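Summary of structural features
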Amino acid sequence: MLGAIDVRDLVGHPGSSREEPVVGMVEGLATELARVPDDAPIRADLLLESVIEGILVSGQVRGRWTLRCARCLVEFDQPFGLDLHELFVSHPDEEADTYPLGPDGQLEPDQMIRDVVGVEMPFSPLCRSDCQGLCATCGGNRNLGECPGHAELDQRFAVLADLFPDLPNLD
Ligand SMILES: [Zn+2]
Ligand SMILES: [Zn+2]
């Protein structure tokens, strides 16, 4: 929880603005191959601007996520930095892409941060662009040289030799 930000000083005063840094844990940020770990707080440097419609929130969200390589399944950490630009209004329209402003002038940034970070989580992360992945035959991590290599071509020729025993030997 990042906690609510009191914006009573801004509501109804278009043109006024304030910087508000927030730091904390945001729960629920995990997909199959990416997650923000419990010990990695998210920091958001927010600029709150009062506009006619409500409060415009912009700034940068920074943190660290743990990714699992889609090819070799090794986990690795990576920092992220994302820009955000969202509008908070007193009476959100279900159609519009806005967030609700509390009736007592409270702005809850958690859901906004969850959305901004969640959307950008890598869908198919790679530990490195040339990751060799796991061997489909033995399951060894090819990056680590765990797979001894398998003579697939030889096996294919062996099958051919069984099917056509009369083929001339090319050796
Ligand atoms: Zn990998
Ligand atoms: Zn192998």
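In case you missed it, the structure is sitting above this.
Rules and cut-offs
- Residues numbered from 1 in each chain as written.
- Chains lettered and ligands numbered in written order.
- Predicted model: local features only at pLDDT ≥ 70, side-chain atom pairs only at ≥ 80, totals over all residues.
- Helix = DSSP H or I, 4+ residues; strand = E, 2+ residues; numbered from the N terminus.
- Contact = placed C-beta atoms within 7 Å.
- Buried ≥ 20, exposed ≤ 12 C-beta atoms within 10 Å, placed from the backbone.
- Arc of directions from axis to C-beta.

Let's talk about the environment of R62
- Turning to its location among the elements, R62 is positioned in strand β5 (residues 55–68).
- Counting along the chain gives 20 residues from R62 to L82, while the straight-line C-alpha distance between them is 6.5 Å.
- Each residue touching R62, except ones within four places of it in the same chain, is listed here: R43, F80 and G81.

Observations regarding unusual backbone geometry
- The phi torsion at L73 lies on the positive side, around 70°, for a residue other than glycine.
- With respect to the secondary-structure elements, L73 resides in the loop between β5 and β6 (75–89).

Some words on helix α1 (residues 110–120)
- Among the residues of α1, M112, I113 and V117 are the ones counted as buried. On an axial view of α1, the arc spanned by its buried residues comes to 115°, and they lie on one face.
- Its buried side turned inward, α1 meets β4 (42–50), β5, β6 and β7 (99–100).

Points about the environment of L82
- Within the fold, L82 resides in strand β6.
- C-beta crowding within 10 Å serves as the criterion here: with 16 such atoms nearby, L82 is assigned to the partly exposed category.
- Each C-alpha atom of the pair L82 and I113 lies 9.8 Å from the other, and the pair is 31 residues apart in sequence.
- Ignoring anything within four residues of it in the chain, the contact list for L82 reads Q60, V61, V116, V117 and E120.

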